[in-house]
Structure formats: structure tokens, C-alpha cells
Amino acid sequence: MSFDSLPIEMMLAIFEWLNLNELYEISVVNHHWYRVAGILIARRCWFVVSSVQQKNLETLMVSERHHRSILIQQLNSAGWEQIEPVLSICSGRLAVRQMMVCRTMADSLKQLFQKFGSWLADLEELHVSFDHRFLRNDGWSGWSHTICLPKVQQLYWSENHLRRGNRTISIDAPVLKRLVVNDSFGSKLNLILMRSDKMETLECTLYRKNFGDMFQQALNNLTCLILRIYNTIQDVGFLRSLGNLTWLNLALEYDKELLPLLFNQTIEIICKYKTLEGLQIHMMENEGALCSVSLAQLGQSLPNLVQLELNNICLKVSSRPTNIFQNLALLKLTEVVLRNEQPLYLNYPNLEIISLSLLLLPSIVLQDGRTPQKLFVNLDAFRIEESIVLYLLPFLNRSPKVRDVTLYKTDQHDNLPSNFGLPQPMPLAVDRLHLINLELTVYCIQKLAESETLRHLILTRCVVRIRYEIWESVMPLHRLKTLQLRSVQLDDSGRMEFPFTCRSKVPIIGRKGSTTGYVFNTAIPDDFTDTLAFGVEDIRIRPTGWKKHYTVSPV
């Protein structure tokens, strides 16, 4: 029995494992494979609907493609007459499961679902982005409309410049599981979720909307909440009915007069989420360290916590080690102030990753037990040489088991010569060092690579100063096992050879950038794929599956 004689359903199940490029490759094997691969390609590719296709209606009517995903571009009142005939043909030929409506107006979205509501009743995923910047006249202000989405499980809702009129759209989606809402500062659109009892994941960025006004039912099944509120809130009661959360990311801005009171209420509510495994709290305003939280309080109230991230908060610490956070695997502290400048004792048996601001390093005391496998340090405004000499080396001397270190800045480089020099020989007792968004001299790299224990050096989006240095030949770094370069540049844009190699004398040749000099990249082995990505601003374990596999990823 040959493979081609299999039923088409079985071939579809087998080819479903292939990515889009592989599907295109196998589609040229024979006519039968072309037909099977074409079905899967149509399912994954978006069919674009725009006013241009009005000229190709006859071709569209005889097309054999059965797309399941449709992208509607610029659905506005001016283009509705051109797009409606195309949608009429699609509604009779295509069984749509995914739809994306880009740069639409609220009135046009209402027309779409009034005209084609029965056709769109089988949608499983809907993306909508509003844009009223081109709205000249507003004659429909003040209306309300209900959109029925009986099978939609994922809804992505984005607003931009909805300054005209005051409209209300109610969404009736009884099986909705994931909702992402991005509000706009000028929005006057009211969004109401009529049924939300099945929702599991909710991500909201709100400027004008009130969180509690959006939902008519309790969020009883919600397990993941990512909430960023940029309008000043005066009540946090909307957080009280979320007791089943396992992942919570809060970025809030409180009324200044109520700041300490509301923050304390927020912490009290969070401490009742007994199932919580991941917690991130970011304070947008905390002048004078008015908002403070006790690690002991969090540790005793949240025994299942695996990841904890605190930003712009005053931290209450115990004067002696406490037995808390038995399951904590990642601890991240950014712009954190320690009350009374007491040392912070970390005696957490399962801690694997710790991320800190540079100035916190002198206050960290790692207790006996399992030492974090990875240390991430944000250098802030410090240069790498003084960061290593004044902060990192003393910390590593107190914590000799830390063997994997990443030093990074969020988006800037050093642009002035450093007054600090690295000691010779370099006593940097780590196995692996990753440098991100830093400006380095060739002598700094040379001294780092001469550290006795260092075996893996990775540079990501770094700039190496060599233009004014006496550095003619390429130097092999014999102690290193691997030297990884990721989007690295030299300040000498005309030089195409990197000044260092790993052991061998074969030079690393850069590729000419489109607007800059040569860019240097090397192959990245599999065991380095868990590091910070380009343009890193943050690190975190992914919200799902962190118990089994830890992945460090950008924001």
C-alpha cells in the first residue's frame, strides 16, 4: 500500500505536523500532494479582503481555495460599498474560522455583523483594531449594539483614537476563553462582555475604561490575569472575586491621596489567592517609597508561588533568615528599595533564577542550600568595568556557587571611556557570562576571556570599541570553549574581521549591514536558546508550564 493511496483525512493529519515552508515544498511532489498541502496552506494563510478585489469578483467566484482565515483591511464607511461585494462572495464559499479586521470604525464593524452575522457565527478567533483618525462626520453617536460570537474562544480587541461619539458594543461570547483588550487614551467606546464565566486568560491595557464595568458576570474560571491600568483608580474591589488565579501581573496607578491605603488593600487581596504560582507587581507611582510589602507576608500567604517579580516597591525584610518560598524558582527585583538598608536573606531551596538591579547586589545574602543557577544584573547607568569591580566580584566572592551570569542594559550603551580598569588576572569565577546592550573595549573582552573558570562568553547587541586601539591581528581566546556573537558591531564600520576568535585562528567575518557597518553573528547552539533575546527589557518565566521547563524571554 503506497502513501498516496491513504485517505485524504489521514494525509491531512500527517501533513499537519509540517510548517508552512515545508508544506510549500511538498506541494510540488505530485498533483495529489499539491491538493492535500493546498488545503492546509489555505487553512493557515490569511485571505486578504480589500477594495482592490472588487475588480476580480469573477476570479474569486471560481477560486478553488477554501481559506479559513480572512483579513479585512480598512473597513470604514467610505470603503464599505467596495468591500461588501467581496464579502458576499466569501460568505457563500468560505467556512471562516479566523477573522482579522484592521483599521475599522465602530460603525463599520456594526454593519459587518448586521449583514454577515450568520456567516460569522462559526468564528473561533477574532481580531479587531479600531481607528477613527479618518472619521470626518459622526452621525451615529450614542448607539449601542450587541455582537453575538457563539463559538469564539479567542478575542483580541484594540482601539486607537476613538475620540468621536459615545458608543457601546456588547459582546455575547459564551465560550470565550482568552480576551486581550488594548484601550486608547482618547477612546469613548464602551465595551461590555455579557458572558465571561468560561474565560481563562485575560490581558487588559486600560486608559479610559473601568475594569469592573466591562464584565457582567463573575470571572470564576480565570487563571491568568495581566492587567495594566493607566488611569488613577480609587477602589480595588474588582480584584476580590478572582480567587482561582494562578498567574497575576499587575501594573497599577493609584490616586495619590489614597496610594498607601489602596496598595495595602491590593496586597491583602492578593494574599488570599492561595492558588497563585506567578506574581508580578509594578507600581507606576511610588514617591517616597510609600508602597511597601513584606516578603515574609507574601511567602507565608502564597505557598505555591514559583515566580515573584516586584518593581518600584519598598521591600520590608526580616532581620534574620525565614523559612519561606519553598517552591520559588525565579525572583526578580527592579528599582526596589530595602527598608532600613538591612540585608536581604535568600534561603529558598528551589531558587534557580535571580534578577536584580546592580545596586542591590551588596545587600543580597545567599544562604546555604540550593544557589541560583542563573544571575541577571541590570547595570542601570553604570559601566561594565566599575560594575564588575565594585559590585559583581564582591558578590561572587560571597556566593561562589553562582556560575552563570548575565549583565545587561535595557536599551543603552556606554558612550564615554571608563575610569575603571579590570584587575589582572581577572578573578571572575563563573562558567558562563552573557553581556547584552553594552559598549566594550577590546581589552575588557580580553581580560574577561582570561578568567580561569570562564568557558562560554556571549555578546548580544554589543558595540566593541577598536577604532583608536592598537589592535592589528585577530587574537584567539584559548580558554574559551564557545564565543557567541549576536548582532555585535565594531565602532570601526570599515573593519570586517572580529578582533577575537575562539581557540582557532579562523577569523569571524561580519556581514555588511544595510545602514551600518559590519554585523557579527555566530551559530547559536541549542543549549544557549534559553537566554535573553535581542532588545531585552525584562526576563520572566512563561506564564504556562513553568514547573517543568523554564524559559527566559523578553517582555
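Residues numbered from 1 in each chain as written. Predicted model: local features only at pLDDT ≥ 70, side-chain atom pairs only at ≥ 80, totals over all residues. Heavy atoms only, no water.

(A) View of the overall build of the protein. Of the regular secondary structure elements, the protein holds ten helices and 33 strands. Relative to its full complement of 555 residues, the protein shows a buried share of 51%. Taking the contacts inside the protein whose residues are at least 6 apart along the sequence as the reference set, 62% of them involve residues at least 24 apart. Put simply, the protein shows about 26,300 Å² of open surface, and 49% of that area lies on carbon and sulfur atoms. (Helix = DSSP H or I, 4+ residues; strand = E, 2+ residues; numbered from the N terminus. Buried < 20%, exposed > 50% of the residue type's maximum accessible area, 1.4 Å probe, protein only. Contact = heavy atoms within 4.5 Å. Areas by Shrake-Rupley, 256 points an atom, 1.4 Å probe, with all protein chains shown as cover.)

(B) Quick peek at the nonpolar core. Within the largest apolar cluster, 148 residues are counted, with the highest numbers of intra-cluster contacts made by Leu-112, Trp-157, Phe-211, Leu-407 and Phe-498. If you tally residues by element for this core, the top one is helix α9 (residues 384-398), at seven residues. For Leu-112, the residues in contact, after removing those within four places along its chain, are Ile-72, Leu-75, Trp-80, Leu-87, Met-99, Val-101, Gly-117 and Leu-120. Counting nine residues, the second-largest nonpolar core is a separate cluster that includes Leu-12, Leu-23, Ile-26 and Trp-33. (Core = buried A, V, L, I, M, F, W, Y, C linked by side-chain atoms within 4.5 Å.)

(C) A look at the environment of Leu-356. Tracing the backbone through its elements, the reader meets Leu-356 in strand β20 (residues 353-357). By relative accessible area, which is 2% here, Leu-356 ends up buried. C-alpha of Leu-356 to C-alpha of Asn-378: the two residues are 22 residues apart in sequence and 6.4 Å apart in space. With residues up to four places along the chain from it excluded, the contact list for Leu-356 reads Leu-333, Leu-361, Ile-364, Leu-375, Phe-376, Val-377 and Asn-378.

(D) Local environment of the sheet that holds strand β7 (residues 167-172). Overall, parallel pairing links the three strands, which are arranged β5-β7-β9 in an open sheet. Of all the strands in the sheet, the pair left with one neighbour each is β5 (144-148) and β9 (189-193). Direction aside, neighbouring strands of the sheet carry axes that sit 20 degrees apart on average. Summarising the sheet, β7 and β9 pair through five bridges and their orientation is parallel. (Pairing = 2+ DSSP bridges. Axes fitted to C-alpha atoms, helices over the stretch in contact; angles between N-to-C directions.)

(E) Region of the structure containing unusual backbone geometry. Here the phi dihedral of Arg-103 falls at roughly 55 degrees; this positive angle occurs in a residue that is not glycine. Mapped onto the fold, Arg-103 is located in strand β3 (residues 98-104). The phi torsion at Asn-437 lies on the positive side, around 60 degrees, for a residue other than glycine. Within the secondary structure, Asn-437 sits in the loop between β24 (432-436) and β25 (439-441).

(F) Region of the structure containing the pattern of salt bridges. One pass over the full model with this rule turns up 14 salt bridges. The salt bridge involving Lys-115 is made with Glu-84; its shortest N-O contact spans 3.5 Å. Of this pair, Lys-115 sits in helix α6 (residues 106-116) while Glu-84 sits in helix α5 (residues 80-93), and the two are 31 residues apart along the sequence. For Lys-115, a relative accessible area of 48% gives the class partly exposed. The residue Lys-374 makes a salt bridge to Asp-404 at a minimum N-O spacing of 3.4 Å. A residue pair is termed long-range when its members are at least 10 positions apart, and Lys-374 in strand β22 (residues 374-378) and Asp-404 in strand β23 (residues 404-408) qualify at 30 residues. On the basis of relative accessibility, which here comes to 11%, the residue Asp-404 falls in the buried class. One salt-bridge network, in which partners are shared between bridges, spans Glu-159, Asp-183 and Lys-209. (Salt bridge = Lys/Arg side-chain N within 4 Å of Asp/Glu carboxyl O.)

(G) How the structure looks around α6. Where burial is concerned, most of α6 is hidden: eight out of the eleven residues are buried. Listing the buried residues of α6 in full gives Ala-106, Asp-107, Ser-108, Leu-109, Lys-110, Leu-112, Phe-113 and Phe-116.

(H) Region of the structure containing the sheet that holds β25. If you trace the five strands from one edge of the open sheet to the other, you get β25-β27-β30-β33-β32, paired in mixed fashion. With partners counted over all chains shown, the strands left at the sheet margins are β25 and β32 (511-512), one partner each. One ladder, built from two bridges, connects strand β27 (residues 463-465) with strand β30 (residues 488-490); its direction is parallel. Bridge pairing in β30 places Val-463 opposite Gln-489. The strands that helix α10 (residues 442-449) touches are β25 and β27; relative to β25, the one it contacts most, it runs at about 80 degrees.

(I) Spatial organisation of the packing of aromatic side chains. Overall, the coordinates contain nine aromatic pairs when judged by the stated rule. Judged by centre distance (4.9 Å) and plane angle (15 degrees), the rings of Tyr-207 and Tyr-230 are stacked. Highlighted residues: Tyr-207 in the loop between β10 (201-206) and β11 (224-233) and Tyr-230 in strand β11, separated in sequence by 23 residues. With relative accessibility at 31%, the residue Tyr-207 sits in the partly exposed group. Tyr-230 gets classed as partly exposed once you look at its relative accessible area, which sits at 35%. Ring plane angle 55 degrees and centroid distance 5.2 Å describe the contact between Phe-211 and Phe-215, whose orientation is recorded as tilted. A residue is classified by how much of its surface remains accessible, and Phe-215, at 12% relative accessible area, is buried. For the cation-ring pair, Lys-110 lies above Trp-143, with the distance from its terminal atom to the ring centre recorded as 4.6 Å. (Phe/Tyr/Trp six-rings, centres within 6.5 Å; stacked < 30°, edge-to-face > 60°. Lys NZ or Arg CZ within 6 Å of the ring centre and 35° of its normal.)

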